[in-house]
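# Fold and contact review
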Amino acid sequence: MKRILITGKDGQVGWELQRTLAPLGRIWAYGRQELDLQDADALCRTIREVKPDIIVNAAAYTAVDK
């Protein structure tokens, strides 16, 4: 059973990935509130704690007109 870490869990792609990848293993999903991707220390700490086999980054900046 794979350990899968997904970022961007609250977006449309992140939500679909959680649902689609769930049969492959255990999912750890994080949104902006739980994991700030600009905080390298927090990101490294999370990866060390979860020890994922797969990392999927579905986080995106969607206000492209700004």
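Structural data are supplied above this passage.
Along every chain, residues carry numbers that run from 1 in the direction the sequence is written. In keeping with the model being predicted, local features are shown solely for residues with a pLDDT of at least 70 and side-chain atom pairs are shown and tallied solely at 80 or more, while totals for entire chains, interfaces and linings include all residues. With hydrogens and water set aside, each side-chain value is computed from the structure's full complement of heavy atoms.

### Looking at the pattern of salt bridges
One side-chain nitrogen of Lys or Arg within 4 Å of one carboxyl oxygen of Asp or Glu is enough to make a salt bridge. Applying the stated criterion to the full structure yields 2 salt bridges. Between Glu34 and Lys9 there is a salt bridge, with the nearest N and O atoms lying 3.3 Å from each other. Remark: Lys9 occurs in the loop between strand E1 (2–7) and helix H1 (12–21) and Glu34 occurs in the loop between strand E2 (25–30) and helix H2 (40–50); sequence separation between them is 25 residues. Buried, partly exposed and exposed residues are distinguished by accessible area as a fraction of the type maximum, computed with a 1.4 Å probe on protein chains only: under 20%, between the cut-offs, and over 50%, respectively. With a relative accessible area of 22%, Lys9 lands in the partly exposed category. When the shortest N-O distance is used, the salt bridge between Glu16 and Arg19 registers 2.5 Å. In this pair, Glu16 and Arg19 are both assigned in helix H1, 3 residues apart and thus about one turn of the helix distant. Look at Glu16 and you get partly exposed, because its relative accessible area is 31%. The class for Arg19 is exposed, based on a relative accessible area of 51%. Strands are runs of DSSP state E lasting at least 2 residues, helices are runs of H or I lasting at least 4, and numbering of each runs from the N terminus.

### Here's the deal with the sheet that holds E1
As summarised here, the arrangement of the 3 strands in space is E2-E1-E3, forming an open sheet in which the pairing is parallel. The sheet terminates laterally at E2 and strand E3 (54–57), the two strands that pair on one side only. With direction set aside, neighbouring strand axes in the sheet form an average angle of 20°. Relative to E3, E1 is paired through 4 bridges, and the arrangement is parallel. Looking at E3, one finds that Ile6 is bridged to Val56. Only heavy atoms matter for contacts: two residues are in contact if any of them lie within 4.5 Å across the pair. With axes taken as lines fitted to C-alpha atoms, and helix axes fitted only over the stretch in contact, angles between N-to-C directions fall between 0 and 180 degrees. Relative to the sheet, H1 contacts E1, E2 and E3, its axis offset from that of E1 by approximately 170°. The sheet contacts of H2 involve E1, E2 and E3, and relative to E1 the element is tilted by about 160°. Strands are labelled as partners when DSSP assigns at least two bridges between them.

### Describing the nonpolar core
Residues Leu5, Trp28, Tyr30, Leu35, Ala42 and Val50 constitute the largest nonpolar core, which totals 6 residues. Sorting the residues of this core by element identifies E2 and H2 as the ones contributing at least two each. Core analysis: the second largest hydrophobic core is formed by 5 residues, Ile4, Ile6, Leu21 and Ala29 among them. Here the nonpolar core consists of buried residues drawn from Ala, Val, Leu, Ile, Met, Phe, Trp, Tyr and Cys, with membership extended through side-chain atoms lying within 4.5 Å.

So, to be careful, I would describe these as geometric facts and stop short of saying anything about function.
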